[in-house]
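Architecture and fold: a report
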Amino acid sequence: MREWVIGAAQLGAIQKSDSREAVVGRMIALLDQAAAKGCDLVVYPELALTTFFPRWYMEDQAEVDTWFEREMPNAATQPLFDRAREHEIAISFGYAELTPEGRHFNTSILTDRQGHIVGKYRKVHLPGHVEYDTERDFQHLEKRYFEPGDLGFETFDNEDTLMGMCICNDRRWPETWRVMGLQGVELVMLGYNTPSINSQNRGEGLEKRLYHSELSVTAGAYQNATWAVAVAKAGVEDGFPLMGGSIIVDPDGFVVARTETESDELVTATCDMDRCQFGKQTIFDFARHRRVEHYGRITSQTGVKR
Ligand code: CDT
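Let me begin by describing the structure that accompanies this report. Keep in mind that what you see is a predicted model, and the values were worked out from it rather than measured.

**Concerning unusual backbone geometry**
Each neighbour pair has its own omega, and for Met-72 with Pro-73 the value is -5 degrees, a cis peptide bond. Inspection of the secondary structure assignment puts Pro-73 in the loop between helix H2 (61–65) and helix H3 (78–87).

Right, here's the structure in full:
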């Protein structure tokens, strides 16, 4: 399938006390709306099933593990998979993954339109910190609760379209996009939980936060001639605001759909994957134009060396 009607299914706030079953009910309601609009694929946010728990400092690993899923699908999410299969809609969403070996990842999965998981991604660029930080207005403890993803930025053939995933902070890193671009990716899906306030710079307003998010996604789409869908978990979670601004972006880097609220909201766009070809065959024909002899530092060096 080369033409996909894609839904960006933004979720509003999820409070600490909200059950997974309640959240899955909201996700199914958005899926039903998507079906009515003829969607073939629906993308949900990062850590879609729970509140953004990395804002909470926890020392008890048993408590931490209550926020993780040991299998996917599981009892709470099976109804979402079932409804997606009934509607013949592929889905992608994020969750905290606890593996049988006891490893913790910030993960996204992708299904085909029959509800089979056809792709998995584990977040590589984990933001934040490991220990309680008294200098911040609020905590961002992803580095405490997750290990960096071990699957790289793979792409997955889903009914003849090459799809890839990344998660939230990954969108700010051009390496994320280019590694998928080098595989010929045609659709990049990502979810995010981005605080509306910078915990280390109170002066930074929402306008700048939204701009940086959109700048990252539109640049990544344009520079790799790919469609992109970026979906927020938004709204005020137990007093902590997350920004909205979910977008669908075309391979020229233009936003073709954008949410307007900080609540559960679906926006859709018809995405012709063949529109990726022009950019991939001309200005971003990597085989003709890339100069890898000058890119060594990208993989040999992490920090800045003046
Ligand atoms: N969830 C996530 O990755 N959020 C980050 C916030 C960074 S501030 C510590 C983001 O890039 O939006």
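So, next bit.
**Regarding the sheet that holds strand E13 (residues 255–258)**
Note on sheets: strands pair through backbone hydrogen bonds, and any given pair is parallel or antiparallel. Pairing within the open sheet is mixed, and its six strands lie in the order E6-E7-E8-E9-E12-E13. The open sheet is flanked by strand E6 (155–158) and E13, the only strands paired with a single partner. For this sheet, the mean angle separating the axes of adjacent strands, direction not counted, is 20 degrees. Sheet topology places strand E8 (residues 187–192) next to strand E9 (residues 227–232); six bridges connect them, and they run parallel.

**A look at the site of the ligand**
Surveying the vicinity of the ligand reveals the residues Glu-46, Phe-52, Lys-123, Pro-127, His-140, Glu-142, Cys-168, Asn-169, Arg-171, Arg-172, Asn-193 and Thr-194. A distance of 3.1 Å separates a nitrogen atom of the ligand from a polar side-chain atom of Glu-142. When isolated, the ligand has an accessible area of 360 Å², and the protein chains bury 88% of it. Its residues assigned to classes, the shell around the ligand comprises three nonpolar, four polar and five charged.

**Regarding the side chain of Thr-194**
With respect to the helices and strands, Thr-194 occurs in the loop between E8 and helix H6 (206–224). The contacts of Thr-194, once residues within four sequence positions are left out, are Cys-168, Arg-171, Arg-172, Arg-209, Leu-242 and Met-243.

**What about the packing of helix H5 (residues 174–181) against H6?**
The contact between H5 and H6 brings their axes to 10 Å, and the two run at 30 degrees. Viewed along their axes, H5 and H6 adopt a mutual orientation that is roughly parallel. The two elements H5 and H6 meet at a crossing, and its hand is right-handed. Across from Trp-177, Arg-178 and Gly-181 in H5, the residues of H6 making contact are Ser-216, Val-217, Gly-220, Ala-221, Gln-223 and Asn-224. Across the contact of H5 with H6, the residue classes tally to three nonpolar, five polar and one charged.

**Side note on the pairing of E6**
Inspection of the sheet shows E6 paired to strand E7 (residues 161–167) by four bridges, in the antiparallel sense. Bridge pairing links Thr-155 to Gly-164 in E7. Two successive antiparallel strands, E6 and E7, enclose a turn made up of two residues, where Glu-159 displays a positive phi of approximately 50 degrees.

**Overview of the nonpolar core**
Formed by 42 residues in total, the largest nonpolar core has its most connected members in Ile-6, Leu-41, Leu-187, Met-189, Val-217, Val-229 and Ile-248. Sequence-distant contacts of Leu-41, defined by excluding residues within four places in its chain, comprise Trp-4, Val-5, Ile-6, Gly-7, Ile-89, Ala-90, Ile-91, Leu-110, Met-163, Leu-187 and Met-189. By size, the runner-up hydrophobic cluster in this structure holds 26 residues, among which are Ile-28, Tyr-44, Ala-84 and Phe-93.

**What about the sheet that holds strand E5 (residues 117–122)?**
Taking strand neighbours across the sheet as the criterion, the six strands line up as E5-E4-E3-E2-E1-E14 in an open arrangement whose pairing is mixed. Across the chains shown, the open sheet's two edge strands, defined by having one partner strand only, are E5 and strand E14 (265–272). Pairs of neighbouring strands in the sheet enclose a mean axial angle of 25 degrees, with direction left out of account. Pairing between strand E3 (residues 90–98) and strand E4 (residues 104–111): seven bridges, direction antiparallel. Among the inter-strand pairings, Ala-96 is bridged to a residue of E4, identified as Asn-106. Along the sheet, H3 makes contact with E3, E4 and E5, crossing E3 at roughly 165 degrees.

The rules behind the values
- Residues numbered from 1 in each chain as written.
- Predicted model: local features only at pLDDT ≥ 70, side-chain atom pairs only at ≥ 80, totals over all residues.
- Heavy atoms only, no water.
- Helix = DSSP H or I, 4+ residues; strand = E, 2+ residues; numbered from the N terminus.
- Pairing = 2+ DSSP bridges.
- Axes fitted to C-alpha atoms, helices over the stretch in contact; angles between N-to-C directions.
- Near = heavy atom within 4 Å.
- Polar contact = N/O pair within 3.5 Å; in protein donor to acceptor, adjacent residues only side chain to side chain.
- Areas by Shrake-Rupley, 256 points an atom, 1.4 Å probe, with all protein chains shown as cover.
- Nonpolar A, V, L, I, M, F, W, Y, C, P; charged D, E, K, R; others polar.
- Contact = heavy atoms within 4.5 Å.
- Parallel < 35°, antiparallel > 145°, perpendicular 65-115°, else oblique.
- Left-handed = near helix turned anticlockwise from the far one by under 90°.
- Core = buried A, V, L, I, M, F, W, Y, C linked by side-chain atoms within 4.5 Å.
- Buried < 20%, exposed > 50% of the residue type's maximum accessible area, 1.4 Å probe, protein only.

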